[in-house]
Structure formats: structure tokens, C-alpha cells
Amino acid sequence: MLEPAGRRDARLGSLPGVAQIQQQPAVSPFVDLTRDQWAELRASTPLTLSEDDLFELHGLNESVSLREVEEVYLPLSRLLNLQVHATQELHASTETFLGHGESKVPYVIGVAGSVAVGKSTTARILRELLARWPDHPRVDLVTTDGFLLPNAVLSERGLMERKGFPESYDRKRLLRFLADVKSGRERLEVPEYSHLEYDVVADEVQVIERPDILILEGLTVLQTGAVRDGRTPRIFVSDFFDFSIYVDARDDDVRRWYIDRFLKLREAVFRDPKSFFHRYADLTDDQARDTAAQIWDTINGVNLRENIEPTRERAKLILKKGPDHEVRRVLLRKL
């Protein structure tokens, strides 16, 4: 006869060691650090940015303080400097083993996260800080916006309402670019993207010439699922990363930041007649909020839930922001 579950569980709980096992916290692949704990890891890393430098780096709807640079980004730049040095030594040892002459292979950092979460600001600050270390003065930043399919192609394929989703990118071109970066190609060209025109700019390119570090920033750079016709690729963008960062926040906070940013853009960029979004310039405050909310709920929020957020735990480091846009916790993947 089976013993009632409640009686059996109560009896098991009284056995030596069982209660302790039941109370153990869930195992996590990350070390979870408070901001204060993370800030201590800065050690003696000097602050090399000024208030003026920082003003040029933060986004439209963000206000990053020098205190946050000191407490969040300086420890991160120190960690990355150590990682770059270790990777360079590992590469050199492999070259020695193979009997090849030493060649420079860029260290690639991926930065992922939602629209309006602040990943672009994170990438720009990191670029400036890392470029000021003597071991790797040449740091380039590339966004995946330039690898979006042109609007004409997106319209032809019925994808304009899914711009920013995995299927809206020229994935083959992006993978080929990263393969060339890691192969040590001397000179590479990246398509330029205009946020004013909301499209790839024909015949304009960003030139990349064998940097010490390359930062690739984009929405779905950690994505590994099917991107077209239900087929899962054999090679992923993240396969080329030496380190990856995910900028994280609560969905409702990101939604609010997106709406606030839309309102500010309406008063600025949208007023330019050349802007793709010029039609929104004369909206009232209420109309602008409703429009931004609808765009978020039908496009950006969907992309976040379906394609971006599920990749969060694939990152080597997660920056978790609070409602005020400041980083509150840092999760570092255990080696």
C-alpha cells in the first residue's frame, strides 16, 4: 500500500541532512554581484574619461554619471583587459606550436540587449575605456544595423514590420565579415546605416583595419534559433565572440524608456523633413505616447520576448539595470 505523500515527505524531512539539501539554493552558472561588490573589483584602474567625454557617449534618454563609470564600467574594462591579454598569450602559444609567425587576431566582444535598454551607450563607453589601455589602443565599434537588409528588400519580402528581427538581417554578410575579422584580413568594409533615413546607406562604408579589439553591438547577436524557413544555422554570430555582454532590465522599464525616447525624438530628429519618421513630428503628447506604445507592443516588445531575452543567459556577463537606468547588479559567468 502506498504511503500518503504528505506523511512520506514529513518523515523524509526529519532524516539527517535532508532538510539541508532541500534548502540549498539553485545552482547558477553565474556569480551574482551587487553593484558595491562589483565596484570593489575596479582595484586601481584609473578613470580616464571626463564629464565632457561622457556627455558625447550617452544616449538620448540616458544620463550616465562618472560615478557609474567608476563603479560599473571601470571594473568591466579591467576584466576585459585581463581577458584580452590572456587570449593574446593563448593565441601566441598556438602560433608558436604551429611554427607560424605571430599574427594579430582581434579580440571580439558582443554586446546584446533590447531596443532602448542602453546597449549602444554601454558599447561606446567600453570602446573609449578599452582604447585607453596601453596593450590594445585600437578599438573599433560596429553595430549590426549596417547589416540590416535595405528597406526595399524588406518591403519586397513583407518584413518592414519585423525590422530588427533575426530574419531582417543579411546574416551571410555579417558572418562573412566576422570570419574575415578573425582571419586577420587587413581591410574590411561595413555598410553604413542612417538612423535619420532608417535605412542602409548605399556606397557608404565604415572601414575596419585589423583592430586590437572589435565590439559588435546589436539586438540579436547572441541568437541561435531558426532565422529563416524554420532552419537552424550551423554557424552563429556568437561563435566568433571572445566575450559577450547582455544589457538587461525589466520589460516594463524598457517599454517606458522606449516611449520616453520616442517623445524626445519627436522634438528633435523627427522634425527633420529627411527623417523616415517625420510623419510623427506633429503628434500631440498623447498621440505620440499611444503611437510609441503600439510600436513597442506589436514590434519591439515582441522581438524582445521572442528573440532577444531568451539569449540573455548565453552571455558571459549580464548588466542588470534598475528603473532609473543605472546598473544594480552584475552577473558574471563562472569559468
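First things first, this report covers the structure right here in the doc.

## Thoughts on the pairing of strand β7 (residues 243-248)
Extensive coverage of β7 is indicated by the burial of six of its six residues. Here β7 shows two buried faces, one formed by F243, I245 and V247 and the other by S244, Y246 and D248. Two elements, strand β2 (residues 107-113) and β7, share five bridges in a ladder whose sense is parallel. Residue pairing in the sheet places G113 in a bridge with V247 of β7. Looking at chain direction, β7 and strand β8 (residues 317-321) are connected through four bridges and run parallel.

## Re the pattern of salt bridges
Taken as a whole and assessed by the stated rule, the structure comprises 29 salt bridges. Of the charged contacts in the structure, one is a salt bridge between E326 and R35, with a shortest N-O distance of 3.5 Å. Remark: R35 occurs in helix α3 (residues 35-39) and E326 occurs in the loop between β8 and β9 (327-333); sequence separation between them is 291 residues. Here E326 matches R35 in class, with each residue buried. Of the charged contacts in the structure, one is a salt bridge between E217 and K119, with a shortest N-O distance of 3.9 Å.

## A closer look at empty space enclosed by the protein
In the structure shown here, the tally under the stated rule is three cavities of 30 Å³ or more. Quantified by volume, the largest cavity comes out at close to 180 Å³. Together, 14 residues line the largest cavity, and R171, L174, T220, Q223 and V237 are the ones closest to its centre. Grouping the amino acids of the lining of the largest cavity by side-chain chemistry returns eight nonpolar, five polar and one charged.

## Quick word on the sheet that holds strand β6 (residues 213-217)
Strands sit in the order β1-β9-β8-β7-β2-β6-β3 across an open sheet of seven strands; the sheet is mixed. Sheet topology places β1 (30-34) and β3 (139-143) at the edges, where each strand pairs with a single neighbour. Taking the axes of each pair of neighbouring strands and ignoring which way they run, one obtains an average angle of 20 degrees across the sheet. Contacting β2, β3, β6, β7 and β8, helix α6 (residues 119-130) crosses the sheet at an angle of about 175 degrees to β6.

## Thoughts on the pairing of β9
Sheet topology places β1 next to β9; five bridges connect them, and they run antiparallel. Paired with V31 across the bridge in β9 is L332. Relative to β9, β8 is paired through five bridges, and the arrangement is antiparallel. Bridge assignment links L317 to a residue of β9, and that residue is L332. The antiparallel hairpin formed by β8 and β9 contains five residues in its connecting segment, where H325 sits at a positive phi of about 80 degrees.

## A short note on the nonpolar core
Counting residues in each nonpolar core, the largest one holds 89 residues, and the members touching the most others are I109, F177, L178, I215, I245 and L317. With residues near it in sequence (within four places) discarded, L317 still touches W38, L76, L79, F243, S244, I245, Y246, V330, L331 and L332.

## Considering unusual backbone geometry
One non-glycine residue, Y198, lies in positive phi territory at about 60 degrees. With respect to the secondary-structure elements, Y198 resides in the loop between β4 (188-194) and β5 (199-208). The phi dihedral of D203 falls on the positive side, at around 70 degrees, and the residue is not glycine. Here D203 is to be found in strand β5.

What counts, and where the lines are drawn
- Residues numbered from 1 in each chain as written.
- Predicted model: local features only at pLDDT ≥ 70, side-chain atom pairs only at ≥ 80, totals over all residues.
- Heavy atoms only, no water.
- Buried < 20%, exposed > 50% of the residue type's maximum accessible area, 1.4 Å probe, protein only.
- Helix = DSSP H or I, 4+ residues; strand = E, 2+ residues; numbered from the N terminus.
- Pairing = 2+ DSSP bridges.
- Salt bridge = Lys/Arg side-chain N within 4 Å of Asp/Glu carboxyl O.
- 1 Å grid on protein atoms, 1.4 Å probe; cavity = no way out; pocket = protein on both sides within 12 Å on 5 of 7 lines; lining within 4 Å.
- Points joined across faces, edges and corners; volume = space filled by probe spheres on them.
- Nonpolar A, V, L, I, M, F, W, Y, C, P; charged D, E, K, R; others polar.
- Axes fitted to C-alpha atoms, helices over the stretch in contact; angles between N-to-C directions.
- Contact = heavy atoms within 4.5 Å.
- Core = buried A, V, L, I, M, F, W, Y, C linked by side-chain atoms within 4.5 Å.

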